[in-house]
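# Inside the fold
Now for the letters of each chain:
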Amino acid sequence: MGRLIVLTGPSGVGKGTLLRSLLERHPELYLSVSATTRAPRSGEVNGEDYFFVPRGTFERMIANGELLEWAEFAGNLYGTPRTPVEEQIRHGRWVILEIELEGARQIRKTFPEAFRIFILPPSLPELEFRIRGRGQDTEDAIARRLQRAQEEINAASEFDIQIVNDNFDKTLERIELTLFAPVVC
Ligand code: ADP
Ligand code: 5GP
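What comes next is a walk through the structure. (Residues numbered from 1 in each chain as written. Chains lettered and ligands numbered in written order. Predicted model: local features only at pLDDT ≥ 70, side-chain atom pairs only at ≥ 80, totals over all residues. Heavy atoms only, no water.)

### Some remarks on the site of ligand 1
Not every one of the 13 residues close to ligand 1 is listed here, only the nearest: G12, K15, G16, T17 and R134. Measuring from an oxygen atom of ligand 1, one finds a backbone N or O atom of G12 at 2.7 Å. Between ligand 1 and N165 there is a distance of 2.9 Å, counted from a nitrogen atom to a side-chain nitrogen or oxygen. When isolated, ligand 1 has an accessible area of 570 Å², and the protein chains bury 73% of it. Within the residue set of the shell around ligand 1, elements represented by two or more residues are α1 (15-25) and α5 (124-134). (Near = heavy atom within 4 Å. Polar contact = N/O pair within 3.5 Å; in protein donor to acceptor, adjacent residues only side chain to side chain. Areas by Shrake-Rupley, 256 points an atom, 1.4 Å probe, with all protein chains shown as cover. Helix = DSSP H or I, 4+ residues; strand = E, 2+ residues; numbered from the N terminus.)

As structure tokens, this is what we get:
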């Protein structure tokens, strides 16, 4: 049966890297590709990492009801295209949304049955180290992401499960266990 899974956590915590590994190991999962007004980072591919669109196009998508949820994050707009997600779920697939807190809250209202995972950093200094290590964000973007990180971490308890991404392999294993372990009644 189709299922919606939401993965949230501060920028730089490792969500993208975890998801890449998860999808390699479970190609049956479907990762939703978001639309954003942010400029591509080097190496990012339009249509794979994001649909990179001008603000006017994004605003038209909102007006036309084409987004399942959307939010402004660190000065840019991000949103989930509705049709592919609904189609994949209808076809019985498990769909993953990698989205920030406000979007996750919207999904909680519209898809209360969605399973919501929050990824925590081991510490704020480690989060900053990872964002800087990624080497892709300006000082301004780093400052905005760190400021938002604390607000997001404060809301972690709103989620069904919280996982600290300390050791990468262990975190991946915990996500797999959470998703695939048979329910014991
Ligand atoms: P996000 O998608 O949450 O913004 P990324 O997946 O881009 O974060 O990861 C940010 C950086 O942290 C990357 O350089 C990634 O390799 C690194 N990283 C991810 N998980 C870990 C971990 N468990 N320990 C150390 N570094 C990690
Ligand atoms: P980044 O610019 O680092 O790729 O992403 C910034 C933040 O936007 C991350 O927390 C990421 O999870 C979030 N994000 C990515 N796509 C979407 C989306 O479609 N909707 C919402 N609400 N957030 C998104």
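### Remarks on the pairing of strand β7 (residues 94-98)
Strand direction decides the pairing type here: strand β1 (residues 3-8) and β7, joined by five bridges, are parallel. In the strand pairing of β7, R3 is matched with W94. Bridge analysis of strand β2 (residues 30-31) against β7 gives two bridges, and the strand direction is parallel. Within the sheet, the bridge partner assigned to L31 lies in β7 and is I96. (Pairing = 2+ DSSP bridges.)

### Points about the nonpolar core
L22, I96, I117, I119, I163, I175 and L179 are the most contacted members of the largest nonpolar core, which totals 20 residues. Where this core is concerned, the elements lending two or more residues are β1, α1, β8 (115-120), α5, α6 (139-154), β9 (161-164) and α7 (168-180). Aside from chain neighbours lying at most four places away, what touches I175 is L18, L22, I117, I119 and I163. The next biggest cluster of nonpolar side chains, apart from the first, holds 17 residues, and it includes V85, I99, F118 and A155. (Core = buried A, V, L, I, M, F, W, Y, C linked by side-chain atoms within 4.5 Å. Buried < 20%, exposed > 50% of the residue type's maximum accessible area, 1.4 Å probe, protein only. Contact = heavy atoms within 4.5 Å.)

### A few points about unusual backbone geometry
You will see that A74, though not glycine, has its phi angle at about 50 degrees, which is positive. Examined against the element boundaries, A74 turns out to sit in the loop between β5 (67-73) and β6 (76-81). Taking relative accessible area as the criterion, A74 reaches 22% and is therefore assigned partly exposed.

### Re the packing of aromatic side chains
Counted according to the given criterion, the structure contains six aromatic pairs. Ring geometry for F58 against W70: centres 6.4 Å apart, planes inclined by 75 degrees, an arrangement best described as edge-to-face. Of this pair, F58 sits in helix α2 (residues 55-63) while W70 sits in strand β5; the two residues are twelve residues apart in sequence, bridging distant segments of the chain. On the basis of relative accessibility, which here comes to 0%, the residue F58 falls in the buried class. Aromatic rings pair up to connect Y50, F52, F73 and Y78 into one cluster. A cation over an aromatic ring shows up here: R3 above the ring of W94, its NZ or CZ 4.7 Å from the ring centre. Positioned above the aromatic ring of F159, the side-chain terminus of R116 is 4.6 Å from the ring centre. (Phe/Tyr/Trp six-rings, centres within 6.5 Å; stacked < 30°, edge-to-face > 60°. Lys NZ or Arg CZ within 6 Å of the ring centre and 35° of its normal.)

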